[in-house]
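Observations on the model geometry
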Amino acid sequence: MTATLPEVLASLERTPATLRAWLADLPAAWTDSHDGPETWSPHEVVAHLCEGERVDWMPRLRIILAHGGARPFTPFDRLAHQTEADDTDLPTLLDRFAALRTDNLADLRAMDLSDA
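Remember, it's a predicted structure, so these values are computed and weren't measured experimentally.

Examining helix 1 (residues 5-23)
- Between its first and last C-alpha, helix 1 extends 28 Å over 19 residues, near the 27 Å set by a 1.5 Å rise per residue.
- Its maximal kink placed at Thr 15, helix 1 deviates by approximately 35°, while the proline Pro 16 follows within four residues.
- Every buried residue of helix 1 is accounted for by Leu 9, Pro 16, Leu 19 and Leu 23.

Following this line, the structure appears as structure tokens:
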């Protein structure tokens, strides 16, 4: 399957509302629990998604557009979200993720990319 840019945008646009529908108003016992060692809670996953919105996928897209495959990506610290997860409640993280995603999609649309 090859996805078109409008299809990808539609999926990316729906993610914050989907997460909110799944997680909002659930008890912390559910959203802060882990499945076992070295697993993340839903709360931590949302913090991780916020970090990715800030420092990962859009900067990587800009590198690709500017340099093609010639420049390596800046490494992504997949654990950098831990402080934010520890310091921020889930409703705030869900709001933050939605705002970050909205801003990134506006930037993406402003690039006026084609499917190619």
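Points about the layout of surface pockets
- By volume, the largest pocket is sized at about 170 Å³.
- Every residue lining the largest pocket is listed: Ala 3, Thr 4, Leu 5, Val 8, Leu 61, Leu 65, Leu 113, Ser 114, Asp 115 and Ala 116.
- Breaking the lining of the largest pocket down by element, the ones donating at least two residues are helix 1 and helix 4 (57-67).
- Looking at the lining of the largest pocket, its residues break down into seven nonpolar, two polar and one charged.

Points about the confidence of the model for the protein
- Per-residue pLDDT for the protein has a mean of 94; in total, 100% of the residues score no lower than 70.
- When mean pLDDT is compared element by element in the protein, helix 6 (residues 90-110) scores highest at 97, while helix 5 (residues 82-87) scores lowest at 91.

As for the nonpolar core
- Leu 19, Leu 23, Val 46, Ala 47, Cys 50, Ala 85, Leu 90, Leu 93, Leu 94, Phe 97 and Leu 100 together form the largest nonpolar core, which totals eleven residues.
- For this core, the secondary-structure elements that each account for two or more residues are helix 1, helix 3 (42-55) and helix 6.
- With five residues, the top contributor of residues to this core is helix 6.
- With residues up to four places along the chain from it excluded, the contact list for Val 46 reads Leu 23, Leu 90, Leu 93, Leu 94 and Phe 97.
- Among the nonpolar cores identified, the runner-up in size contains five residues, and Met 58, Leu 61, Leu 105 and Leu 108 belong to it.

Some points on the pattern of salt bridges
- Going through the model one piece at a time under the given rule, you end up with eight salt bridges.
- Two residues, Arg 109 and Glu 13, come together in a salt bridge whose shortest N-O distance is 2.8 Å. Of the two residues, Arg 109 is situated in helix 6 and Glu 13 in helix 1; the sequence distance between them amounts to 96 residues.
- Relative accessible area serves as the criterion here: at 40%, Arg 109 is assigned to the partly exposed category.

Calculation criteria
Residues numbered from 1 in each chain as written. Predicted model: local features only at pLDDT ≥ 70, side-chain atom pairs only at ≥ 80, totals over all residues. Heavy atoms only, no water. Helix = DSSP H or I, 4+ residues; strand = E, 2+ residues; numbered from the N terminus. Expected span 1.5 Å × (residues − 1). Bend = angle between axes of the 7 residues up to and from the residue. Buried < 20%, exposed > 50% of the residue type's maximum accessible area, 1.4 Å probe, protein only. 1 Å grid on protein atoms, 1.4 Å probe; cavity = no way out; pocket = protein on both sides within 12 Å on 5 of 7 lines; lining within 4 Å. Points joined across faces, edges and corners; volume = space filled by probe spheres on them. Nonpolar A, V, L, I, M, F, W, Y, C, P; charged D, E, K, R; others polar. pLDDT = per-residue confidence, 0-100. Core = buried A, V, L, I, M, F, W, Y, C linked by side-chain atoms within 4.5 Å. Contact = heavy atoms within 4.5 Å. Salt bridge = Lys/Arg side-chain N within 4 Å of Asp/Glu carboxyl O.

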